[in-house]
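Coordinates in review
Single-letter residue listing:
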Amino acid sequence: MSQEGNSSDRPAGQDPLLLLKTLQLLWTKKEMKKLKEEIRRGFAGLEDPLAGLLDMLESSSDWKGKGHSLGYYISSELQLWMKEHPAVQQSGTKLKKLQARAFRILEQCPANLLDPLISIYQLHTADRNYLLGHVSHLYHRGDYKEAAILSIKLKLQPDQDVEKMCAPLLFQDKINLVEDYVGEHPELQCRLIQILDTWCEPDFNIRDVARQYQGLSRYKPDKLNRKMLSKLIFRLLDRFNVDPALCPNVINQRHLRTLNYLFYKRFVEKTMTQENWADHVQSTVGENRWLQGHLMELLLRHCDLSTAARWAQRCNLPEEMLPSEVADELQKLEMQERVEETTKEENYKEVKKKDYYQLPIPRANIHLLQNWDEMMQCWEKVLKPGQVVGIDMEWRPSFGMVGKPRVSLLQLAVRDEVFLLDLPRLLEQAELKDEKEKLPHFIQMLYSNAAITKLGYGMSGDLSSLAATCSALKGMDKQSQSVVDLLTIDKLLQKSSIDWKKGGLRVDVLPPEQSCEDGELRQPEKGLSLLVQHVLGKPLDKTEQMSNWEKRPLREEQILYAASDAYCLLEVYEKLCKDPESFGLSSDLTESLVRKPSVKPRAKKHLNKQEVPSPSGQQCKGSDRETPRPPAPISPKEFSVVCDNMLQGLGRYLRCLGVDVRMLENEDDHRKAAEIARQEGRVILTSGLPFQTLQSQVGEGRCFSVNCSGKAKEQALQVLRHFNVRVTLADIFSRCQVCNCDKYLKVPKERMRQLVEGSRRSMGDGSSGCPTSDQEPPGRTCSAAQPSSTAPGSTGPWGADVGLVGSTALQVAAIPPGVLDKAELTDFYCCTRCGKVFWEGSHFGRVVSQFQDILVTTGDEQRIYELN
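Below is a short write-up of the structure. Everything quoted here is computed from the prediction, not taken from an experiment.

Focus: the overall build of the protein chain
When helices and strands are counted, the protein chain shows 34 helices and 15 strands. Taken over 868 residues, the protein chain has a buried fraction of 46%. Long-range contacts, defined as pairs at least 24 residues apart, comprise 68% of the intrachain contacts of the protein chain with a sequence gap of at least 6. In the structure as shown, the protein chain presents an accessible area of about 43,000 Å², 49% of it carried by carbon and sulfur atoms.

Encoded structure:
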């Protein structure tokens, strides 16, 4: 800018550099009101405010750091001022010159300056090739994150190579930025998922890709393994609603894990029938030759040659795919073996009748309803005033695949009859006849009718699946009346210490893996089966639970199982209402039987008292016993968890908030979490299929399944709210993020400067130059590093009075250059276990803002935070 004439004859605001000095003084004094007024007055006096801002930014470097700077404040104020004075906008050649200067600043400015500069200098209107060239310059300089952020701001993604832009970000663990990069571009989302899927190919070496990108910071090659890539792909599929067919490799791997799980259920746990197991194996493998090859390997490991040969015949496998011994057995296969297998299954079913609950009604009273004409008899009997209806639902197991399950069968049991509603058929016929409202209307009438008692077990989850099946049924849980959820009673029975024999009821509870009459080991009962065993004397036979309920026609065993699941609710309810005291329950059951559907253990809520009709039509009167309450508030120090290896991000967030967290390594088996939980009294945090296995290995409420599709921050909020963990400002960063230690050594800045300099001087002779518990710090005296503590009532967020553990050395070499020169820093905090060095920065404020909804602050803490 031209500065002819004597600057002392003009107001200070007319010279951008003099204006900058004035603003710097006000910024240092924190006189924000005067600063704002001076900025507006100064820009009004400048000949060219846009060029003036560039003069200021080019002559100062305070805006290059993270956080809010004077440069950011000036730019933001100019942006607002320009809206009031649109005439200052430039165009043509003059604007292009300003844009060229602005781009040079963009190369080194923080992310928060991008939006103001792009807006002020209309950078989105610049020549697109020029913009792409500028981003390419940043990229080849190794500034991958900055290149991606600028591309998003300028909407350049359609003209860029998505693999080239996103790969280095993935290696640097910037997954959120990758999602933002493709977020508004469906074609890029598909391309990204296809690229990630190719990385999951069995022979693919991810390190070969990483070598193409120079200067990767924070790159951990082992972290981006196939397991993590698979989890990321399924997360992207769910978020962007992309066709899973685009990623055959991860889908195949998921199906292979399903195969392994099915073999475990059939041959290790022995909890699946041959028919159910075979049905699921067939649907999982399909026509996929790769999966069929793995099926052969599993069959040879768990079964005999004849079974492997039968599956080879069933899958129509070519001879070249078969091991020689299977090919030989396939030629010898005879029909008699199949007959023997069938006979064995029939004998097994006969034996089971002695061990399990049996339906007390004839087969003719079980009605499978597949059209609306058949539904009329159900309508009349089920909606009869004063009726008691047992309700259950069945759907095909998802085996961890994306999406909520869709109900395939709705069972309604009344006295002496059971109605099985084939929902897919009924909904399909209703749509063809343009009668879509008929079936939802019937179900809504049933649930909302206060004169009809509805019995269920974990009905909240059933209603959620029902809503996913038919959108017209969303919100049913809010409309429901006179609902009795026997899950609530089950919880009370599990806590009761009553002697069942004294109550007049003989209950033969099988201990884990006790032998049955058929000579095989049986897994311990749980859920509804255990409740039926406690109340009626025998458990439910759950071997048909994991059937393929979508396949038609239903087998006879499926029909009997579905009818039993619903009808047993009527018998349990009737027996409890007749003699509740013998089961350790209140004589009127008011606090046991509640109006609203209860929520399964993973999301407990308050239960409300209400009178509930008994089978005889009488009302159960209220009592003074307390209803179950949410868990009492606890502090993060009182909460200790072990995170499964797919939840390491969640573990880091919880540790950041002061929770005692142990995390499984990527190669650890899920079952190690149960071992740690039992030994150390920790709660298991897991997700997906491992939840069912781990839940049975620890006490009630000691295993929690988090939402696997949510981000780590959302998962942390879910856990804290569920367990009522009250986080305060003092808890944030009270634990080391690396090793989980909660004890720190407080070191003054000048002493830390000595340690850093000593470390650099000692690099030549091989010594660490850092203090350990076995080594006196350089400079002789230990008084320079006083330990900090958090006694009750103190406001310091750091650990107790301790020294360093063992021979731990302080990691002073990791302190970046320039940190020791920051005037606002007075102390450093060193982990006494691993030696990691921490200092107060902007990260504390970001964590506070992320978790402010659940943060508990006292008056003193709030004032301290506001001052900071």
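Don't stop here, the text continues.
Focus on the pattern of salt bridges
Applying the stated criterion across every chain, the model contains 36 salt bridges. A salt bridge links K34 to E31, with the nearest nitrogen and oxygen atoms 3.8 Å apart. Classification of E31 by relative accessible area gives partly exposed; the value is 27%. E680 is the partner of R662 in a salt bridge, and the nearest nitrogen-oxygen pair spans 2.5 Å.

Overview of the pairing of strand β14 (residues 827-831)
Most of β14 sits out of view: five of its five residues are buried. Taking every second residue as pointing to the same face, both faces of β14 are buried, with D827, Y829 and C831 on one and F828 and C830 on the other. Where β14 lies against strand β15 (residues 837-838), two bridges are found, and the strand directions are antiparallel. The partner of C830 across the bridge, within β15, is V837. The turn linking β14 back onto β15 is made up of five residues, and G835 within it adopts a positive phi angle of 85°.

A look at the packing of helix α8 (residues 144-154) against helix α10 (residues 175-182)
Direction vectors running N to C along α8 and α10 enclose 30°, while the axes themselves pass 10 Å from each other. Taken together, the axis directions place α8 and α10 in an arrangement best described as roughly parallel. Considering how the two elements wind past one another, α8 and α10 form a crossing that is left-handed. In this structure, α8 contributes K145, A148, I149, S151 and I152 to the contact, and α10 contributes L177, D180 and Y181. A class-by-class count of the residues in the contact of α8 with α10 yields five nonpolar, one polar and two charged.

Comments concerning helix α27 (residues 556-578)
End to end, α27 covers 33 Å across 23 residues, agreeing with the expected 33 Å (1.5 Å per residue, within 8%). Largest kink in α27: about 25°, centred on D565.

A short note on the pairing of strand β11 (residues 683-686)
Every regular strand shows the same layout, with side chains that alternate between the two sheet faces. Across the two faces of β11 the burial is the same, with V683 and L685 and I684 and T686 all buried. Sheet analysis places β11 next to strand β12 (residues 703-705), joined by three bridges and oriented parallel. Paired with T686 across the strands is S705, a residue of β12. Read as a crossover between parallel neighbours, the route from β11 over helix α30 (residues 690-695) to β12 is right-handed.

What to know about the environment of D159
Looking at the secondary structure, you find D159 in the loop between α8 and α9 (162-171). Assessed through its relative accessible area of 43%, D159 is described here as partly exposed. Separated by 27 residues in sequence, D159 and L132 have C-alpha atoms that sit 8.1 Å apart. The contacts of D159, once residues within four sequence positions are left out, are R128 and L132.

Calculation notes
- Residues numbered from 1 in each chain as written.
- Predicted model: local features only at pLDDT ≥ 70, side-chain atom pairs only at ≥ 80, totals over all residues.
- Heavy atoms only, no water.
- Helix = DSSP H or I, 4+ residues; strand = E, 2+ residues; numbered from the N terminus.
- Buried < 20%, exposed > 50% of the residue type's maximum accessible area, 1.4 Å probe, protein only.
- Contact = heavy atoms within 4.5 Å.
- Areas by Shrake-Rupley, 256 points an atom, 1.4 Å probe, with all protein chains shown as cover.
- Salt bridge = Lys/Arg side-chain N within 4 Å of Asp/Glu carboxyl O.
- Pairing = 2+ DSSP bridges.
- Axes fitted to C-alpha atoms, helices over the stretch in contact; angles between N-to-C directions.
- Parallel < 35°, antiparallel > 145°, perpendicular 65-115°, else oblique.
- Left-handed = near helix turned anticlockwise from the far one by under 90°.
- Nonpolar A, V, L, I, M, F, W, Y, C, P; charged D, E, K, R; others polar.
- Expected span 1.5 Å × (residues − 1).
- Bend = angle between axes of the 7 residues up to and from the residue.
- Right-handed = clockwise from strand over helix to strand, strands pointing away.

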